[in-house]
Amino acid sequence: MAVPRSEYLSSAWADGIFANRVLFITGGAGSIGSAQTRALVHLGADACIIGRSVEKTEAAAKEVAKVRSGARVLGIGGVDVRNFDNLKAAADRCAKELGGIDFVVAGAAGNFIAPISALSPNAFKTVMDIDTIGTFNTIKATIPYLIESAAKNPNPNPSGTTGGRLLSTSATFHYTGMPLQSHVSAAKAAIDSLMGSVALEYGPYGITANCVAPGAIEGTEGMERLASSVIDENAKTRAVPSGRWGTVRDIADATVFAFSDAGNYVNGTTLVVDGAGWRRQGGL
Ligand code: HXC
């Protein structure tokens, strides 16, 4: 049975707004990535999910396709974002089989909780490689397709159809610094900077390049595997001004906004979706 819409998409969006659009997403088999993909596919897009595990990626593609009859969702596993050639081959295959690439989500990330004393240089480098280099590789592999898409879909477009949209997953750790997350904090700061440069270089082509920075999102691998050891049950009301942890739907809705006709002039910025949590960060 398909996951109910209320779990990945608010009622704000009209069905069909992303008809004939194609999403290319790394990290699309994870909890946040599948919600982002479900939301876009629900609203009419086809999608290509990229992942390291063949089994997990293909299973996610099958699951996500259930949200809309006729949806084409391709799962390409065995692709590590640290390997540009594999990513490029996946982007070329996505464009060939689905007819182009209109939206890109660079969502693949690696993480573990560790103090600097327990981080080897290679551990630090591994997260920089997955998050920062992986985001760069994703952009480089897909930008020719986004340029084509933006050329066909001027920004703004009188028809309301959008294309040439890029969204990278950031975080809020680097706004304050974050103990046990020095590697992730540094990698995400670099992603924010990279996306600013992408917006400057490719804005003139009609492309928008933004980040979404999720706060603590319940039910995700990040929260369950990583944070449960350092955050107690009362932390959400104490630490998040909005009084709750985020949901994957909160991030999916922000993604829909960034890719929609409503997001035409939002470029080179970060959508922080965290219930104002970063303002109290460190006070966990
Ligand atoms: C210290 C560690 C470590 C740990 C690995 N390393 N785990 N160091 N503490 N817990 C070190 C290893 O010893 C090694 O260094 C280096 O990191 C590379 O490890 P590998 O296992 O060889 O790397 P790899 O197989 O590429 O795996 C990458 C990974 C892994 C990041 C370590 O966890 C992964 O692939 N994760 C992907 C999924 C994931 O983490 N998703 C969560 C994203 S959530 P040496 O020196 O020994 O060679 C997110 C938001 C989190 O990002 C929000 C939290 C609040």
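From a predicted model like this one, the values you see are computed outputs, not experimental measurements.

Rules behind the numbers
- Residues numbered from 1 in each chain as written.
- Predicted model: local features only at pLDDT ≥ 70, side-chain atom pairs only at ≥ 80, totals over all residues.
- Near = placed C-beta within 6 Å.
- Helix = DSSP H or I, 4+ residues; strand = E, 2+ residues; numbered from the N terminus.
- Nonpolar A, V, L, I, M, F, W, Y, C, P; charged D, E, K, R; others polar.
- Buried ≥ 20, exposed ≤ 12 C-beta atoms within 10 Å, placed from the backbone.
- Right-handed = clockwise from strand over helix to strand, strands pointing away.
- Pairing = 2+ DSSP bridges.
- Expected span 1.5 Å × (residues − 1).
- Contact = placed C-beta atoms within 7 Å.
- Axes fitted to C-alpha atoms, helices over the stretch in contact; angles between N-to-C directions.

> For this particular structure, what's the right way to read the site of the ligand?
As a matter of local geometry, the ligand sits amid 18 residues, with Gly110, Phe112, Ser120, Ala123 and Gly222 nearest to it. For the shell around the ligand, the element with the most residues is helix α4 (residues 121-152), which contributes five residues. Its residues assigned to classes, the shell around the ligand comprises 11 nonpolar, six polar and one charged.

> Please explain the pairing of strand β5 (residues 165-169) as it appears in this structure.
A regular strand carries its side chains on alternate faces of the sheet. Extensive coverage of β5 is indicated by the burial of five of its five residues. Neither face of β5 is exposed, since Arg165, Leu167 and Thr169 on one face and Leu166 and Ser168 on the opposite face are all buried. Note that the unit made of strand β4 (residues 103-106), α4 and β5 has a crossover that is right-handed. The sheet contact formed by β5 and strand β6 (residues 208-214) spans five bridges and is parallel. Residue pairing across strands places Leu166 opposite Ala209, the latter belonging to β6.

> Just to check I follow, could you spell out helix α9 (residues 248-259) for this structure?
Counting along an α-helix, one turn takes 3.6 residues, and residues three or four places apart therefore face a common direction. Between its first and last C-alpha, α9 extends 17 Å over 12 residues, near the 16 Å set by a 1.5 Å rise per residue. Most of α9 is tucked away, with 10 of its 12 residues classed as buried. Inspection of α9 places Val248, Asp250, Ile251, Ala252, Asp253, Ala254, Thr255, Val256, Ala258 and Phe259 among the buried residues, and these make up the whole buried set. Those residues of α9 that are buried lie in contact with α1 (31-42), β4, β5, β6 and β7 (270-273).

> Explain α1 to me, please; I cannot follow it from the model alone.
Helix length check: α1, at 12 residues, gives a terminal C-alpha distance of 16 Å against a target of 16 Å (1.5 Å per residue), a fit within 8%. Of the positions making up α1, those classed as buried are Ile32, Gly33, Ser34, Ala35, Gln36, Thr37, Arg38, Ala39, Leu40, Val41 and His42.

> How should I be thinking about the environment of Ile17 in this particular structure?
Locating Ile17 in the fold gives a position in the segment before β1 (22-26). Owing to 19 C-beta atoms within 10 Å, Ile17 belongs among the partly exposed residues under this scheme. As for Ile17 and Gly78, which are separated by 61 residues in sequence, their C-alpha atoms are 31 Å apart. The residues contacting Ile17, other than those within four sequence positions of it, are Leu43, Gly44 and Ser260.

> I keep staring at the sheet that holds β1 and nothing clicks. Help me out?
Through backbone hydrogen bonds, the strands of a sheet pair up, either in parallel or in antiparallel fashion. If you trace the seven strands from one edge of the open sheet to the other, you get β3-β2-β1-β4-β5-β6-β7, paired in parallel fashion. Two strands bound the open sheet, and with one partner strand each, they are β3 (73-76) and β7. Going from strand to strand, the sheet's axes swing by 15° on average, the running direction of each strand aside. As judged from the four bridges shared by strand β2 (residues 46-50) and β3, these two strands associate in the parallel manner. Note that in β3 the partner of Ala47 across the bridge is Val73.

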